[in-house]
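Fold and geometry: a report
Chain by chain, the residues run as shown.
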Amino acid sequence: KWMGRAGGEMGLLALPIHFFRVLVGSRQLFFVFCALLPLAAALGAVFSFSATYLTGLGLSSGMFFLFYAILNAVTRFGGGGLSDRFGRAPIIVPTLAVFAGGVIMYSYTDSLYWMIASASIIGFGFGFCNPAMSAQMLDDAAPQNQNIAVGGFQFGYNVGMIISTPVMGAVTEAFGYALMFRAAAGLAALSMVIYVMGELTRKPRLAEG
């Protein structure tokens, strides 16, 4: 009876063990996953703290998210196939930079128009880089591991968002909103660096093939 219960527990553990083994065992999947964590944390800071940040400035967070959502949706519908046509990296790298730049711009918000412009840039950058990174994880996964690629993307996205709130909340309390959003932009830049490092490791592997 005890062995049966232990065997069942080991069976439950086998799934997450296999999940992380595949994720860590694939160099390319792992790099994209690691790039996704700080990107999601940066977006989490925008989502979690915009209401109080903009209220303190006498601005509407509803207006901010309206323009963010419009640009995010337009890029996904209008540009979703660009990374298929031109390659993942040529789309992901510049749009990660655009996203980081939008968050830096957001930290200097002092008017309605500045807020709308930064919201639009953030939505534009994330709307392009996020689905392209998701597609790349599927590209890099073996056919039998496509489910792990999808799960890994969602896991990384959610973990980054969850960690962001308490960490960035502490930064905000200590240094204020402006510096916190600049730190979030730094996380987006870190995401770009990690992604580029992963891309640079592709060349030896392709040469061997």
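Every chain is numbered independently, its residues counted from 1 as its sequence is written. Local features are withheld for residues below a pLDDT of 70 in this predicted model, meaning they are given only at 70 or higher, and side-chain atom pairs are given and counted only at 80 or more; totals for whole chains, interfaces and linings count all residues. Working from all heavy atoms in the structure, the side-chain values ignore hydrogens and water.

Some remarks on the overall build of the protein
The condition is simple: Secondary structure is summarised from DSSP: a helix means a run of H or I of at least four residues, a strand means a run of E of at least two, and numbering begins at the N terminus for each. Accessibility here uses a 1.4 Å probe with only protein chains present; expressed as a share of the type maximum, an area under 20% marks a residue as buried, one over 50% as exposed, and anything in between as partly exposed. Should any heavy atoms of two residues lie within 4.5 Å, those residues are considered in contact. The Shrake-Rupley method, run with a 1.4 Å probe, gives the accessible areas here. Residue values count only the displayed protein chains as cover.
When you go through the protein residue by residue, the secondary structure sums to nine helices and zero strands. By the burial criterion, 42% of the 209 residues in the protein qualify as buried. Expressed as a percentage of contacts within the protein between residues at least 6 apart in sequence, the contacts between residues at least 24 apart total 80%. Accessible surface for the protein amounts to roughly 10600 Å². Of this, 71% is attributable to carbon and sulfur atoms.

Considerations on the pattern of salt bridges
Put simply, the rule is: Think of a salt bridge as a Lys or Arg side-chain nitrogen and an Asp or Glu carboxyl oxygen that are within 4 Å of each other.
Applying the stated criterion to the full structure yields two salt bridges. A salt bridge links Asp84 to Arg88, with the shortest nitrogen-to-oxygen separation between them at 2.7 Å. A relative accessible area of 56% places Asp84 in the exposed class. Look at Arg88 and you get buried, because its relative accessible area is 16%. One network of salt bridges, with partners in common, ties together Asp84, Arg88 and Asp139.

Re the environment of Val32
Note on placement: Val32 falls in helix H2 (residues 27–56). Remark: the alpha-carbon pair of Val32 and Met197, spanning 165 residues in sequence, is separated by 9.8 Å. Among all residues touching Val32, those that are not within four sequence positions of it are Met133, Gln136, Met137, Asp140 and Tyr195.

Looking at the confidence of the model for the protein
Rule in force here: What pLDDT conveys is the predictor's confidence in a given residue, as a value from 0 to 100.
The pLDDT averaged across the protein works out to 87; a share of 87% of its residues lies at or above 70. Between residues 1–10, whose pLDDT stays under 50, and residues either more than four places distant or in other chains, the model counts zero contacts. Every residue in residues 204–209 is under pLDDT 50, and counting partners more than four places away or in other chains gives two contacts.

A short note on the nonpolar core
The condition that has to hold: Residues belong to a common nonpolar core when they are buried Ala, Val, Leu, Ile, Met, Phe, Trp, Tyr or Cys residues joined through side-chain atoms within 4.5 Å.
Grouped together as the largest cluster of nonpolar side chains are 53 residues, with contacts concentrated most on Phe99 and Met133. Put simply, the parts of the chain that give this core at least two residues each are helix H1 (2–25), H2, helix H3 (61–79), helix H5 (88–106), helix H6 (112–140), helix H7 (146–175) and helix H8 (177–200). It is H2 that provides the largest number of residues to this core, a total of 16 residues. For Phe99, the residues in contact, after removing those within four places along its chain, are Leu39, Ala42, Leu43, Ile122, Gly125, Phe126 and Ala188.

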